[in-house]
Amino acid sequence: MIAKASRPLSSASSDAGRDRRQCAEVYDFLMDLLATAEVTQSQQLKDRSEIPDRFKWDLTHIFSDWSAWQSAYDELETKIAAYAALQGTLARGADQLLAAMKLSDEIGQLTYKVWYFASLKYDEDQRDNQINAKRQQVQILFAKASQASAWFNPELLAISLPTVQQWMRANAELAVYRFALEDLYRQQEHVLDDKGERLLSLSSRFSSSPNDGYSALSTADVRYPVVRLPSGSEVTLTYGQYRAILATHRNQDDRATVYAEFHKLYAANVNTYASLYQSVLQRDWFHSRARDYRTTLDAALHGNNIPPAVVENLIETTKAGTDPLRRYHRLRKRMLGVDTYHVYDSTIPLVDFDRQYAYDDVLEWLPASVAPLGREYQAQMREGLAGAWVDVYENPGKRSGAYSAPVYGVHPYMLLNYNDTLDAVFTLAHEMGHSMHTLLSNAHQPFVYSAYTIFVAEVPSTLSEALFLQYMLERATDDRERVVLLQHAIDGIVSTFYTQALLADYALQAHRLVEGDRPVTADVLGDIYFNLLKAYHGDAIDYDELARVTWARIPHFFSTPYYVYQYATCFASSAQLMKQLTTGSEADRATAIERYLTLLRSGGSDHPMTLLQRAGVDLSKPEPVRAVVDQLDTLVTQLEAAIEHLSQ
Ligand SMILES: [Zn+2]
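Note that this is a predicted model, so its numbers are computed, not measured.

**A few points about the overall build of the protein**
A tally of helices and strands in the protein yields 27 helices and 5 strands. A globule of 648 residues ought to have a C-alpha radius of gyration of about 26 Å, and the protein, at 25 Å, matches this closely. Seen through its principal axes, the protein has C-alpha atoms that stretch 80 × 60 × 55 Å. Long-range pairs, those at least 24 residues apart, make up 76% of the contacts in the protein between residues at least 6 apart in sequence. Surface exposure of the protein reaches about 27,100 Å², of which carbon and sulfur atoms provide 49%. Of the side-chain charges in the protein, 61 are positive and 81 negative, and the distance between the mean point of each set is 2 Å.

Quick look at the structure:
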């Protein structure tokens, strides 16, 4: 995403809320890549009222009822109006600035409760129109809040930074806001004069056009083909079906057929896709140049103050660390007993094993798995799991997927659709990682820094999964279960890390085409993708010409350029932290644990790179990426051993 030049302070909290909810959505996307597609659930869903209360979240912790919610809503509206009335006061001095900052915090805190009460209620049953209306009512209020606070940034920035710094030296309460205020001045570097900003805001009306066109072409207007599979059945090839077949059909010809048919959909319109993608690239380059950034990457990273070397290092070090990835695919080829091994053979399970994991068992295992993080951390997790934070089972109308919602002033809530599968177990471990981050950050930070950025967000969630995997592997008694666990972990690394690094590489190369005034055609885009596929997989897979169009079916290239690389950097950070937390001397481990908990407690109180550096992770260096490569190498070796054992 191209960095926003400024953000209205009073809506910062709702932004943060969205950011973290978005993580749930991106997590869905990661699950998506994992392609452990849900095989159709045939059992009848229980009505929500039939599910025992201990498996449902308790939203009365936020508000006792809708009338309490309405009072808070009205209070929020009053405060927003009061904030608008502060316009023109800042230059008078520290007290006025402090008053604005405090009121902004009050609005933010109330916003979390008002938004999430309606939003979580709605997610219980999305068929409820009345609750949907209330939820939309809050969204309208957000828009008002954003208008009511639009004056703040320009008015603040008209005061010189040394003046504001002088105020902060003299006023301890105002000094709390130092990082937030100074960061606004830093972001100011690329803000234009009034005329320039007006021109850019006029252009914003059509900056979403290429992505709108992409959605229309790939979703609204698409006609999914009806395909007869070599094994006999006939399917309508939606994306969901495509994934399900790749993940469940043991017949390779079936997989080859759906792969070809699905990619032909994109090949048929590949020049249109290329033209839309070129518009994305040109738009990003236009905004970067208009704001005087050297490159599109610089522009995308400026918001979080990330040096471009982080992305360049990720790309180079990952490309140099593909050996264990290739070993894994060669192992799969042997296990599957196929003559040729293709992209479409990479998600089918190596063994059949369908153990059910009862939720009550997992409630015991999960806190046990985080023992390396200390007793207090374990106790807090147990409290959360017993405290009606989690909405466990699916019911008719419930939102799909999973997320952790950071309800400031209350506690985190987690939505699951738990179905006793291994995926569901790891999803809980993942969301629990987010929730513990929220809990610790909210407990230790003033409100203004309680929200953390996406750049750090996926560190605790993936670390939580890694700890859980270790716990499960130590206890697995069945060889097949061991294989399944290892494959789950490896596929996670492939999709969360290697695939994201490859996509980041692709996005960077594509943007560099327009930055260098080079042509962007379907052929050129196809070549970039094909060459990357080869650079990663070497002779470990057999290549299909249709793989050239794969880029056209990655929605994130069109919707959120330069965004998902953060999943790879989070994963790398988490791998290095895992290494530090679980190896070395006892004293080293104790220091590493303290540093890690400090990271969680730090919320968004500094730039993400700084926070991670304090935790012992420097993403501008190759070590974190190498930690992932080592992790994968160890897992593939363990998988080889487990398979060896299996065949004895
Ligand atoms: Zn997540």
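**Quick word on the coordination of the zinc ion**
In this structure, His430 (NE2), His434 (NE2), Glu458 (OE) and Glu458 (OE) serve as the protein donors to the zinc ion, at separations of 2.1 to 2.5 Å. Each donor residue of the zinc ion belongs to the same chain, and together they define the spacing H-x3-H-x23-E. Taken together, the residues span a long stretch of sequence, with His434 in helix H19 (residues 422–444) and Glu458 in helix H20 (residues 454–475) at a distance of 24 residues. Per residue, the accessibility class of His434 equals that of Glu458, and both read buried.

**Considering the environment of Thr583**
Note on placement: Thr583 falls in the loop between helix H24 (565–582) and helix H25 (586–601). Residue Thr583 is classed as partly exposed on the basis of its relative accessible area of 42%. Spatially, the C-alpha atoms of Thr583 and Ser369 are 16 Å apart, while their sequence positions differ by 214 residues. Of the polar contacts made by the side chain of Thr583, one reaches the backbone oxygen of Lys579; its length is 2.4 Å.

**Details of the sheet that holds strand S3 (residues 390–391)**
Spatially, S3-S5-S4 is the arrangement adopted by the 3 strands of the open sheet, whose pairing is mixed. Looking at which strands have only one partner, the edges of the open sheet turn out to be S3 and strand S4 (403–406). For S3 and strand S5 (residues 412–415), the ladder comprises 2 bridges, and the chain directions are parallel. Each residue of the ladder has a partner; that of Asp391, found in S5, is Leu415.

**Section: H20**
For H20, built from 22 residues, the straight-helix expectation of 32 Å at 1.5 Å per residue is met to within 8% by its first-to-last C-alpha distance of 33 Å. In terms of burial, H20 is largely enclosed, as 19 of its 22 residues are buried.

**Some points on the packing of aromatic side chains**
Under the definition given, this model contains 39 aromatic pairs. Between Trp69 and Tyr73, the ring centres sit 5.4 Å apart and the planes meet at 40 degrees, which makes this aromatic pair tilted. Taken together, the residues Trp69 and Tyr73, both in helix H2 (residues 66–84) and 4 residues apart, mark about one turn of the helix. In this structure Trp69 comes out as buried when scored by relative accessible area, which is 0%.

**Focus on the packing of helix H10 (residues 209–220) against helix H13 (residues 270–290)**
Remark: H10 packs on H13, axes separated minimally by 9 Å, with the N-to-C direction vectors making an angle of 160 degrees. Looking at the two axes, H10 sits roughly antiparallel to H13. Seen along the crossing, H10 lies across H13 with a hand that is left-handed. Residues Pro210, Gly213, Tyr214, Leu217 and Ser218 of H10 form the contact with H13, whose own contacting residues are Thr272, Tyr273, Leu276, Ser279, Val280 and Arg283. Residue composition of the contact of H10 with H13, by class: 6 nonpolar, 4 polar and 1 charged.

**A few points about unusual backbone geometry**
Despite not being glycine, Asn305 shows a phi value in the positive range, around 60 degrees. Note on placement: Asn305 falls in the loop between helix H14 (296–302) and helix H15 (309–319). One non-glycine residue, Tyr562, lies in the positive phi region at around 55 degrees. Looking at where Tyr562 falls in the secondary structure, it is placed in the loop between helix H23 (555–559) and H24.

**Regarding the pairing of S4**
Residue alternation in S4 divides its side chains into two sets, Tyr403 and Ala405 and Ser404 and Pro406, and both sets are buried. Here S4 pairs with S5 via 4 bridges, running antiparallel. Paired with Ala405 across the bridge in S5 is Tyr413. Counted between consecutive antiparallel strands, the loop separating S4 from S5 contains 5 residues, among which Gly409 sits at a positive phi close to 85 degrees.

**Side note on the nonpolar core**
The biggest cluster of nonpolar side chains holds 146 residues, and the ones touching the most others in it are Tyr277, Tyr359, Phe497, Tyr506, Trp551 and Tyr596. At 20 residues, the largest contribution of residues to this core is made by helix H21 (residues 479–515). Ignoring sequence-local partners within four residues, the contact set of Tyr596 consists of Leu373, Val459, Pro460, Leu463, Leu577 and Leu581. Counting residues in each nonpolar core, the second largest holds 50 residues, with Tyr116, Leu120, Ala145 and Tyr413 among its members.

**Regarding the pattern of salt bridges**
Enumeration over the complete set of coordinates arrives at 33 salt bridges. In this structure, the salt-bridge partner of Asp505 is Lys319, at a minimum N-O distance of 3.2 Å. Linking Asp505 in helix H21 with Lys319 in helix H15, this pair joins segments that are 186 residues apart in sequence. Judged by its relative accessible area of 3%, Asp505 is buried. Measuring nitrogen to oxygen at the nearest pair gives 2.9 Å for the salt bridge that ties Arg548 to Glu545. Judged by its relative accessible area of 25%, Arg548 is partly exposed. Three or more residues joined by partner-sharing salt bridges are found here, namely Arg48, Glu124, Asp391 and Lys398.

**Re helix H18 (residues 375–386)**
Helix length check: H18 (12 residues) gives 16 Å between terminal C-alpha atoms against 16 Å at 1.5 Å per residue, within 8%. Of the residues making up H18, those classed as buried are Tyr377, Gln378, Met381, Gly384 and Leu385. One face of H18 carries all of its buried residues, which in axial projection span an arc of 125 degrees. Counted as exposed and oriented over 90 degrees from the buried face of H18: Arg375, Glu376, Glu383 and Ala386. Where H18 is buried, its residues touch helix H17 (359–369), S3, H19 and H25. In the segment just after H18, Ala388 is the residue with positive phi, at about 60 degrees.

**Description of the environment of Leu485**
Mapped onto the fold, Leu485 is located in helix H21. Residue classification places Leu485 among the buried positions, given a relative accessible area of 0%. Counting along the chain gives 16 residues from Leu485 to Leu469, while the straight-line C-alpha distance between them is 7.2 Å. Excluding its chain neighbours within four sequence positions, the residues that come into contact with Leu485 are Leu422, Phe426, Leu469, Met472, Leu473 and Ala476.

The rules we used
- Residues numbered from 1 in each chain as written.
- Predicted model: local features only at pLDDT ≥ 70, side-chain atom pairs only at ≥ 80, totals over all residues.
- Heavy atoms only, no water.
- Helix = DSSP H or I, 4+ residues; strand = E, 2+ residues; numbered from the N terminus.
- Rg over C-alpha atoms; globule rule 2.2 N^0.38 Å.
- Contact = heavy atoms within 4.5 Å.
- Areas by Shrake-Rupley, 256 points an atom, 1.4 Å probe, with all protein chains shown as cover.
- Lys, Arg positive; Asp, Glu negative; His and termini not counted.
- Charge placed at Lys NZ, Arg CZ, Asp CG, Glu CD.
- Donors = N, O, S within 2.8 Å, 3.2 Å for Na, K, Ca; no water.
- Buried < 20%, exposed > 50% of the residue type's maximum accessible area, 1.4 Å probe, protein only.
- Polar contact = N/O pair within 3.5 Å; in protein donor to acceptor, adjacent residues only side chain to side chain.
- Pairing = 2+ DSSP bridges.
- Expected span 1.5 Å × (residues − 1).
- Phe/Tyr/Trp six-rings, centres within 6.5 Å; stacked < 30°, edge-to-face > 60°.
- Axes fitted to C-alpha atoms, helices over the stretch in contact; angles between N-to-C directions.
- Parallel < 35°, antiparallel > 145°, perpendicular 65-115°, else oblique.
- Left-handed = near helix turned anticlockwise from the far one by under 90°.
- Nonpolar A, V, L, I, M, F, W, Y, C, P; charged D, E, K, R; others polar.
- Core = buried A, V, L, I, M, F, W, Y, C linked by side-chain atoms within 4.5 Å.
- Salt bridge = Lys/Arg side-chain N within 4 Å of Asp/Glu carboxyl O.
- Arc of directions from axis to C-beta.

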